[in-house]
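Residue-level structure breakdown
Okay, here's what each chain looks like letter by letter:
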Amino acid sequence: MIHLSSLLACLPGALALKMQIKEEDSWWKRHNKLKNLKHNKPKNLEHTTNANPTSSSSNTNTNTNTNTNAKKPTTMDLDLYKATIQGDVNPTSSSSKTNANAKKPTTMDLDLYKATIKGDVDHFIETLLRVSADKHLSLSSVFDQTTPLANSYLHVAAAFGHQDLVGFIAFHSPSLIAARNAKGDTLLHAAARSGRHAAVMVVKQFAEDSPACSSEAAEGCVAGGPYCRPDILLGSKNREGNTALHEAMTTMVDGDKERGLVVEYLIRYGGEVSFVVNNEGKSPFYLAAESGRVDLVELMLQICIHEGYYSNCEDIKGKSPVNAAIRGRNKGMLEIILEKMPKYIQLRDEDGETPLHCAASEGYYEGVQSLLDKSSECVLERDGNGFLPVHTASGKGHLDILQKLLQRCPDWRELLTNEGENILHVAATNGKSNVIDYILKTPEHEKLLNESDDSGNTPLHLAAIHWNPKVVSSLTWDKRINLELVNGDGMTALDAAEERMGMMVSFHKRLTWMALKSAGAPNGKCSKVPKLITQTSLGYQQPNMENYKDRINTLLLVATLVATVTYTAGFTMPSGYNNSDSNQGMATMLNKRKFQIFVICDTIAMFSSMIVAVSLIWAQLGDLNLILTSLRLALPLLGRALSMMSLAFMAGVYLVVSKLTWLANVVLIMGIAFLSILLVLFIPLFFPDTTTFPVIRHISYYFFCLMMLASGSYREDEEE
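Residues numbered from 1 in each chain as written. Predicted model: local features only at pLDDT ≥ 70, side-chain atom pairs only at ≥ 80, totals over all residues. Heavy atoms only, no water.

With an unreviewed UniProt entry as reference, the protein chain is termed PGG domain-containing protein, source organism Rhododendron simsii. Annotation of the protein chain in UniProt includes, under Subcellular location (unreviewed entry), the sentence "Membrane". (UniProt positions renumbered as here; feature names shortened; annotations may be inferred.)

This is how it looks when you write it as structure tokens:
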């Protein structure tokens, strides 16, 4: 009997098989069970062949079996024959027919699939023999079966981490080692995703001895570089561009030591695979830095330095691992990467962003300080948009980082973008009022206030164009800002805003227009803005009759409701009427001061709402000037009607509960509080907020701030 060790020396996957075999006898038993299936037909098929009734002797049986098993020539396909005569190299009909006749993988047997999931090798062999006998299939035909996602039995065994079964199937069907499923996953992808260290080792060792996994030109291999390894499974990508190392790292969980061993194993034997990017531009090196795994980053860098590859920034593609450490605010990770690879301080990501740009964008002050300590030249590096780090900090509103970068800049007045914008332009464009206020309060930055970019736009132009009312307000309150400057198109800031207002005016646009008008911003002499402009008390509005009709109908409905309620209240007096002869029909509380307040307020509310209703009826005639006049009259009167109705209600309720002091006081306090809120919300609707008169402008500023708060401008600025 041949010893097992001599047999293993000539078998594929010998090293992996040595790791899996524990007893020679059990292996030989399993091997002998499948010996007849591997190259021959199942026994039931052989019996059918031998039972030929025409056979009369052993010689005859031998000749008959030989003739039966001999390969018979098949008849030539007619379409292919015609194509051969015509000399057509790519015959359409023939190729389509050939593809139709191509062997298609059969669906995986359910019992054998369950046995594969279970992972017991002996149970798998028993099920395999039964399936082969029942369906008259050879061993290779059974192993060719796949799931709907084209997973082979080897994929399934690897996905569940059954290393013994993986070694067994890989030994008897080596062609499956390099097979892929519908998602492009190889056997190593499935094993890495399972997180079983032993399964990954078995797959890797079998792949090294498999001829199908030794070509750099194989599909999905990371080839073409000087560091490509013979084992292509380590560098093979699936449809998402992930290698097995990607899959292992994305499924890694803190505290799972075995998955950690899988990742370390793939890193050590994968070589340059740690720097291969997937479809999202993420490499395993990036994933390790992003997840804060310092140990994995150190291991990758150690192998990188030892092998001498990826020492230049140009060699690293996709997202920057240094930027990943910065976004995670992991200073320790950042220090380790730059200590072992100092050149990575100039590493750029897909957008051309350097680590200093990333730290300035993220507001990571410690990272900015650490990068500046290592290299002061990086402050002059531009990203893909032509921005310097100081522009990035200004655009994001990170004032502390901006101040730090300005200290390291040789001459910050000359730090312009590709469009000629300075830090004030960038802050105004992005609505960063904290940066604007800092520059306005710093005397040495005064020269930036009225500077123009390459298009002639000043910071005020850009703030108005991008509808940043808070920035526009801050700039227009500063007397050093020249409101009359025009850009390259001959437009002032007011012209630029009005040109872009359009038909539907948002609240931000209205506030921006209000800030410019109240500051006295003029229209340019060569303005290209159409002269047909109308306005309400809240800003610029193109003449749209349908829009005005909806507004008029809404106000008319409110006015009618107020008139109805106040009219009804006038005849349902608090506490009723007297029934005595001398004062019959008179209100019982006629001499009470609170009752008198109720009557006066109710009367004012009713007549004010009636005037509003009549004026809005005039607006229905359709004349634009008449509509605007009616709206200017209706809004303050309606506000007065609502306020008086509230006072009348408060006085009436206070009157009828006045004997219970604490309840009367509660009613009074709540009434005053809610009446104040009503006034604060309604007054800005008709207050002359676009006037340039100093006193009124100062008063309207507080209403402007209130509307800024209501529109969410303060909150949006803080969130950004």
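Still more to cover.
What follows concerns a nonpolar patch on the surface. Taken together, the side chains of L660, W662, V666, M670, F674, I677 and L681 define a hydrophobic patch exposed on the protein surface, amounting to about 740 Å² of accessible area. Tracing the chain through its elements places W662 in helix α34 (residues 661–682). Owing to a relative accessible area of 57%, W662 belongs among the exposed residues under this scheme. (Patch = residues over 30% accessible without salt bridge, like charges linked within 9 Å, V, L, I, M, F, W, Y side chains within 5 Å. Areas by Shrake-Rupley, 256 points an atom, 1.4 Å probe, with all protein chains shown as cover. Salt bridge = Lys/Arg side-chain N within 4 Å of Asp/Glu carboxyl O. Helix = DSSP H or I, 4+ residues; strand = E, 2+ residues; numbered from the N terminus. Buried < 20%, exposed > 50% of the residue type's maximum accessible area, 1.4 Å probe, protein only.)

Attention now goes to the side chain of E353. Positionally, E353 belongs in the loop between α20 (331–340) and α21 (355–362). A polar atom in the side chain of E353 sits 3.3 Å from the side chain of R327. E353 has contacts with N323, R327, L347, R348, C358, S361 and D383, leaving out every residue within four places of it along the chain. (Polar contact = N/O pair within 3.5 Å; in protein donor to acceptor, adjacent residues only side chain to side chain. Contact = heavy atoms within 4.5 Å.)

All right, on to the pattern of salt bridges then. Counting across every chain of the model gives 15 salt bridges. Salt-bridge contacts for K135 lead to D109; the nearest nitrogen and oxygen are separated by 2.8 Å. Taken as a pair, K135 in helix α9 (residues 121–135) and D109 in the loop between α7 (92–101) and α8 (110–118) lie far apart in primary sequence, 26 residues in all. Residues R348 and E381 are paired through a salt bridge, measuring 2.8 Å at the closest nitrogen-oxygen approach. A residue pair is termed long-range when its members are at least 10 positions apart, and R348 in the loop between α20 and α21 and E381 in the loop between α22 (365–374) and α23 (389–396) qualify at 33 residues. E381 sits in the partly exposed class, given a relative accessible area of 29%. Among the charged side chains, a salt-bridge network with shared partners connects D185, R193 and E247.

Under the defined criterion, the tally for this structure stands at 6 aromatic pairs. When the ring of Y265 is compared with that of Y269, the centres are 4.7 Å apart and the planes differ by 45°; the resulting orientation is tilted. A residue pair is termed a helical-turn pair when its members lie 3 or 4 positions apart in one helix, as Y265 and Y269 do in helix α16 (residues 257–270) at 4 residues. With relative accessibility at 35%, the residue Y269 sits in the partly exposed group. For the ring pair F275 and F285, a centre distance of 5.2 Å and an interplane angle of 70° mean the geometry is edge-to-face. Note that F275 is positioned in the loop between α16 and α17 (284–291) and F285 in helix α17, a separation of 10 residues in sequence. Take F275 and F285: they sit in the same class, and that class is buried. Taken together through their ring pairs, the aromatic side chains of F124, Y153 and F168 make up a single cluster. (Phe/Tyr/Trp six-rings, centres within 6.5 Å; stacked < 30°, edge-to-face > 60°.)

When the UniProt feature table is mapped onto this chain, "repeat: ANK" (unreviewed entry) is found at residues 280–302 and 351–377. Helix makes up 74% of residues 280–302 and strand 0%. Its end C-alpha atoms lie 25 Å apart. For residues 351–377, the helix share is 67%, the strand share is 0%, and the end-to-end C-alpha distance is 20 Å.

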